[in-house]
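Overview (structure and organization)
Each chain, written out:
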Amino acid sequence: MATQAASFSGNLKKAVAGIKRINLDGLRWRVFDAKGQVLGRLASQISTVLQAKDKPTYCPNRDDGDICIVLNAKDIGITGRKLTDNYVGHLKERSLKDQMAKDPTEVIRKAVWRMLPTNNLRDPLRSLVSCNDLEEVGSAEHLDRDRKLRIFEGSEHPFGDKPLEPFVMPPRTVREMRPRARRAMIRAQKKAEQAENGGAEVKKGKKRAPSQV
C-alpha cells in the first residue's frame, strides 16, 4: 500500500482508519463507480452488498458483507426536484444542493445508512465511515459494517494494491406504460401530425333529409 499511499492526495489516515480491525478472511473488495448513477439505486445496491444479501451464505445475524469502495461521489445523479426542495424555516436542515457542494460523500453515506436494518449490526449511535469525516471508533464487532464502507469524492483511493472487483450495476427495469397513458400519448402524436399537415381534418358525414310533417 506504500506506492498507492504516495499517489493518494487525500487524507490517508482517515481513508484507511479501522481497516486493520476488520476480519478480511473471505471478503471481497467491491468498487462502485457513482458517476452517472442514481443515488437511490446505488445506495440500495451498496446496502445489499454490506448485508451480504448477494451471497448464498446470507444470514441476517451475521456480518459477512464485502468491503465497498465508492468512487466519484461528486458525480452522483439526483432525480426529480430533490435539489430544489424547500424546507421549513425554523428547522435546522441543510438542502441536498448545499450538502452536495459541501461534502457529497455524506449524501451517499446517509442514503446507505438509512437503508440498512436497524439492529445490533448497525449501531444507531454512530455513522458510517466516510473519508472526509472519520474518527477512530471502538473495537466492537458490530461496527465492522460501518468500517466496510469507504466513500471518495474522486477516482483516487489508497486501496489499489487490493484485489478489487468492479461492481456491475443491474440493468434498470422500466415499467410498461399504462393503457390510458399510452392512448393519451397516441392522441397527442396524432394531433401533432395533423397540425403539421395544415390543420385538423374535418369529418364529413351524410346529411339527413328533413323530416316531413
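Here the structure is a predicted model, which means the values were calculated and not measured.

Right, let's get into the overall build of the protein chain. When helices and strands are tallied, the protein chain shows seven helices and four strands. Along the protein chain, helices (α) and strands (β) appear in the sequence α-α-β-α-β-α-α-α-β-β-α when read from the amino end. With 213 residues in all, the protein chain has 35% of them scored as buried. Long-range pairs, those at least 24 residues apart, make up 70% of the contacts in the protein chain with a sequence separation of at least 6. Accessible surface for the protein chain amounts to roughly 14700 Å². Of this, 50% is attributable to carbon and sulfur atoms.

In this section: the pairing of strand S2 (residues 67-71). The element S2 is largely enclosed, with a buried count of five among its five residues. Side chains Ile67, Ile69 and Leu71 of S2 all project onto a buried face; the interleaved residues Cys68 and Val70 project onto the opposite face, where all are buried too. Alignment of strand S1 (residues 29-33) against S2, held across five bridges, turns out to be parallel. By the bridge assignment, phenylalanine 32 is partnered in S2 with valine 70. In this view, the connection linking S1 to its parallel neighbour S2 by way of helix H3 (residues 39-50) has right-handed handedness. Across three bridges, S2 lies against strand S3 (residues 149-151) in parallel orientation. Each bridged residue has a counterpart across the sheet, and for cysteine 68 the counterpart in S3 is leucine 149.

This part takes up the environment of arginine 147. Mapping arginine 147 onto the fold places it in helix H6 (residues 144-147). Spatially, the C-alpha atom of arginine 147 lies 9.9 Å from that of lysine 20, the residues being 127 residues apart in sequence.

This next bit is on the packing of aromatic side chains. Under the counting rule described, the total for this entry stands at three aromatic pairs. On the basis of an interplanar angle of 40 degrees and a centroid distance of 5.5 Å, the ring pair of tryptophan 29 and phenylalanine 159 is categorised as tilted. Placement of the pair is tryptophan 29 in strand S1 and phenylalanine 159 in the loop between S3 and strand S4 (164-166), with a sequence separation of 130 residues. Residues tryptophan 29 and phenylalanine 159 agree in their burial class; the two are buried.

Further remarks concern helix H5 (residues 104-113). By the criterion of burial, H5 is predominantly enclosed, with nine of the 10 residues buried. Residues Pro104, Thr105, Glu106, Val107, Ile108, Arg109, Ala111, Val112 and Trp113 constitute the buried set of H5.

Parameters at a glance
Residues numbered from 1 in each chain as written. Predicted model: local features only at pLDDT ≥ 70, side-chain atom pairs only at ≥ 80, totals over all residues. Heavy atoms only, no water. Helix = DSSP H or I, 4+ residues; strand = E, 2+ residues; numbered from the N terminus. Buried < 20%, exposed > 50% of the residue type's maximum accessible area, 1.4 Å probe, protein only. Contact = heavy atoms within 4.5 Å. Areas by Shrake-Rupley, 256 points an atom, 1.4 Å probe, with all protein chains shown as cover. Pairing = 2+ DSSP bridges. Right-handed = clockwise from strand over helix to strand, strands pointing away. Phe/Tyr/Trp six-rings, centres within 6.5 Å; stacked < 30°, edge-to-face > 60°.

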